[in-house]
Amino acid sequence: MNRGCFKRVGKGTVSIILVFLLSLPALTMAQFNKITISGVVRDAKTKTEIAFVNIAFKSAKDSSFVLGTITNEQGRFTLADVKSGSYYAEVSYIGYEVKRQDVLVGELSAFLDLGNIELVPGSKVLEQVTVTSTQQSGVSDKLDKKTFSVADNVAQTGGSVLQVMNNLPGVTTSQDGKIQLRGSDKVAVLIDGRQTALTGFGSQTGLDNIPASAIERIEIINNPSAKYDANGNAGIINIIYKKSRQQGFNGKIGLTAGLGALWQKRENLPDVRPQYQRTPKINPSLSLNYRKSKINTFLQADWLYTETLNRNEFTERFYNDGEVVRQQVKRNRNTSYATLKTGIDYTINPENTLSVSGLFNREKIIDRGDIPYFNQDLSKRNRLWQFLEDEVKYTATATVGYQHKFKQPGHLLNANYNYTWHREDEKYFFTNIMSTFTGKDAFKLLSDEFVNDFTVDYIRPLKYGRIEGGLKLRLRSIPINMQFFPGTNSPIDSGAGGFAEYRETIPALYGNYVFESKKFELEAGLRMEYVKVDYEVNPNHNTYKSDGYSYTQPFPNVRFGFKLNEHNKLSLFYNRRVDRPNEVDIRIFPKYDEPELLKVGNPGLRPQFTNTIEVGHKLNWGAGSLYSALYHRIVDGTITRIATQVPNSTILYNVFQNAGRSYNTGVEVVLQQTLSKAFSFNTSANIYKNTINGFSGINKYPVPSVYSSETENATSGNVKLNGSFHFPKQVDVQITGIYLAPDIIPQGKIGARFSVDLGIKKQIQKGAGEVFLNSTDIFNTLKIEKFINGNGFRYKTIDYYETQVFRLGYNYKF
């Protein structure tokens, strides 16, 4: 495919979605319940500011006094922690007529600016009014953001971020161990509001290795505004590391230990070395913070060591010529994961703050695997493939942030620079045992990723909302080198090695407007992105050539809200997003950890564009709420792996391709109810229909192979139940059950999955300490079953990988 301009605009759609989110009783949902209101009082004739004016907020319902303050020497006032509702402001000062102004305090903006309030001079004498000043800095937040406290997730305390997320309402895990929102794993994962190599630039990586002990909270943004990068059609997940702002010295120390895979789900095939069982886990953690005067400094350190049965997949392949191959992929994994995050916030003066932070991470992975290949009745072994993978990943980030606060509360200018370096140093050693010989093969991969992000964001509160605007520039490059070292009669394609380099340039501009009245809400935004991607390939590569694409595209988002009454709210959403191929998706080097089911990238891969329309309704009552949704997505250029067979060979090649158009339509319902002080529950259900239109194309590697598929569709869904019990003496128990129905995947289907998690936590040492015991997949029922139909072959596979883990831990705050 020639390099050039790639322009594909997803067509708009009309559809419906009812979006509802409900959190576990044990989790905290972030909403703008407390608003900061500001304004300036001026003389109506001279237009000069008036100092020490009385500002009294009263309820519109019964005129009762709610709170108040006085203007400062510049005539400006601030009222913090104002609850949502209808009020009127009574503005009074000796020598002026009293002015009354209606004020609606909504839920969409953390700051509201009433603008200029003009007083008309008069001779009326005022009675003395006593008010209390409540000036306090508000904290800016994001629209449609739901925040979940990791510390309160009892069932997954001491686990990984991936395990914690799997227990959240509306979140599931795919067959590849990726987080899904509403059935899609196209989720942008951020750390402290930024994309980093730890979790991937555009695709998810490493979530199962990030200790939950390092995380303060997790934010889910289902309908991102134009402020966020346009990638991630299912939404954004923002992982916030711990960082205290208490005065003085404080911190937290913790230790978690666990065991996994207590019993085998399925025995090995013949000639396979033992599976990992009773796998140890250990996670010590330390969090420190010191705040005094103008300086706040913090440090977060974590070390995680795990042994896991990472993969235990049994496969039967059936070919049209009658040949049958039975195989097992067993992979024992040792992982050591160390992270250090530190930084300092310096308040230059009340208007200006400078923040500097850095993160360093080292991940060491050792994989030992066995893959035997047998005939159907296991009477003949055709091959035994054993491998050792030795991989080290390094990640370093540095961030400098500057914030300027204007006199108007919530009126901000933020400028940030973020640098990321990420290295993958990977070595594979293979033993290829055949009936007549034994070969030794190896390869070495070295990849360095360099990312520079520059951002500027501007926020200004308005009387009934806010405006936002900003720009971003990303410069990203990934030089990579692959060297193959083939042995005797090697199956390795040494001509597919060499060097390659991925280069990405993305400048972007955005604007966003938020408006709220007593009955109506509006958010409208537009993000414009120019993207240029170049992928330079070794000219001696035997299949692929250099390629790339560029586009300039708009990414609008619109949300209308209608407040039907105090307990009912109706919302309409539209957004357009993109998912660009990541570097590993187009990587030209075949991966030989499984020599007869090879995975290869595709430099000709192009972005997929998604249009989503939703309609939603939310109902609240005293002890609970119901959030229901209908949604519809149309995806153009769907990215997926396609398996093809080379003639006269049993080897299958999985190559990323654009499969054309696909659809996702569904209904989601989430119910929360507090039955008593001792018990509350949260249950969610998501039923959807996935459709993938028929498509055809050519896999170029290793030789051109034509593939085609008819239109596929299936109705699937998932159900999740979370129950929380609160017993005397500060004992909490949480139980979570998850069921995922069968679903379609490209070229086939995936079977049903089911698991139950349980957690117990007790506060000790007057609340400063806690001990916990929990289990993931307590009944060891979770497995992944897939059925694939290709041109000339079909196969069935079941992965009995490790899912059952028991943990015991202790945390102490000081």
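Coordinates for the structure precede this section.
Residues numbered from 1 in each chain as written. Predicted model: local features only at pLDDT ≥ 70, side-chain atom pairs only at ≥ 80, totals over all residues. Heavy atoms only, no water.

(A) Representation of unusual backbone geometry within the structure. Looking along the chain, the bond that leaves Tyr701 and enters Pro702 is cis, with omega of -5°. Located in the positive-phi region is Asn648, a residue other than glycine, with phi close to 65°. Its place among the elements puts Asn648 in the loop between β31 (639-645) and β32 (652-658). The class of Asn648 is exposed, set by a relative accessible area of 85%. In this structure, Lys766 takes a positive phi of about 55° despite not being glycine. Residue Lys766 is classed as exposed on the basis of its relative accessible area of 90%. (Helix = DSSP H or I, 4+ residues; strand = E, 2+ residues; numbered from the N terminus. Buried < 20%, exposed > 50% of the residue type's maximum accessible area, 1.4 Å probe, protein only.)

(B) Seen up close, the packing of aromatic side chains. Inspection of every chain in the model, using the stated rule, returns 31 aromatic pairs. Taking 4.9 Å as the distance between ring centres and 35° as the angle between the ring planes, the aromatic pair formed by Tyr417 and Phe454 counts as tilted. Remark: Phe454 occurs in strand β22 (residues 438-462) and Tyr417 occurs in strand β21 (residues 412-433); sequence separation between them is 37 residues. Between Phe679 and Phe725 the ring centres are 4.7 Å apart and the planes differ by 40°, which places this aromatic pair in the tilted class. (Phe/Tyr/Trp six-rings, centres within 6.5 Å; stacked < 30°, edge-to-face > 60°.)

(C) Layout of the pairing of strand β4 (residues 65-70). In this sheet, β4 lies alongside strand β3 (residues 54-59) in antiparallel orientation, the contact comprising 5 bridges. When the bridges of β4 are listed, Ile55 appears paired with Thr69. The turn linking β3 back onto β4 is made up of 5 residues, and Ser63 within it adopts a positive phi angle of 65°. (Pairing = 2+ DSSP bridges.)

(D) Up close: the sheet that holds strand β8 (residues 111-119). Read across the open sheet, the 3 strands follow the order β5-β2-β8; overall the sheet is mixed. Since the sheet does not close on itself, it has two edges, and those belong to β5 (76-83) and β8, each with one partner. Shown here is a sheet whose adjacent strand axes are inclined to one another by a mean of 25°, direction ignored. Sheet topology places strand β2 (residues 34-43) next to β5; 6 bridges connect them, and they run antiparallel. The residue bridging Val40 from the neighbouring strand is Arg76, located in β5. (Axes fitted to C-alpha atoms, helices over the stretch in contact; angles between N-to-C directions.)

(E) Quick peek at the side chain of Asn332. With respect to the helices and strands, the residue Asn332 is situated in strand β18 (residues 324-349). A residue is classified by how much of its surface remains accessible, and Asn332, at 5% relative accessible area, is buried. Within the structure, Asn332 has its side chain in polar contact with the backbone nitrogen of Tyr276 (distance 3.0 Å). Those residues within four positions of Asn332 in sequence are excluded, and the remaining contacts are Pro274, Gln275, Tyr276, Thr308, Leu309, Ile366, Asp367 and Arg368. (Polar contact = N/O pair within 3.5 Å; in protein donor to acceptor, adjacent residues only side chain to side chain. Contact = heavy atoms within 4.5 Å.)

(F) Up close: a nonpolar patch on the surface. Together, Ile295, Ile344, Tyr346, Ile348, Leu354, Val356, Val400 and Tyr402 line one region of the surface with nonpolar side chains, adding up to about 580 Å² of accessible area. For the nonpolar patch, the secondary-structure elements that each account for two or more residues are β18, β19 (352-374) and β20 (381-405). In terms of residue count, the dominant contributor to the nonpolar patch is β18 (3 residues). Note that Leu354 resides in strand β19. Take Leu354: its relative accessible area is 34%, and that puts it in the partly exposed class. (Patch = residues over 30% accessible without salt bridge, like charges linked within 9 Å, V, L, I, M, F, W, Y side chains within 5 Å. Areas by Shrake-Rupley, 256 points an atom, 1.4 Å probe, with all protein chains shown as cover. Salt bridge = Lys/Arg side-chain N within 4 Å of Asp/Glu carboxyl O.)

(G) Fine view of the sheet that holds strand β7 (residues 99-105). An order of β4-β3-β6-β7 is seen for the 4 strands of this open sheet, with the pairing classed as antiparallel. Either end of the sheet is taken by a strand with one partner, and the two such strands are β4 and β7. Each strand axis lies, on average, 25° off the axis of its neighbour in the sheet, ignoring direction. As defined by bridge partners, β3 adjoins strand β6 (residues 85-92) across 6 bridges and the pair is classed as antiparallel. Its bridge partner lying in β6, Asn54 is registered against Ser92.

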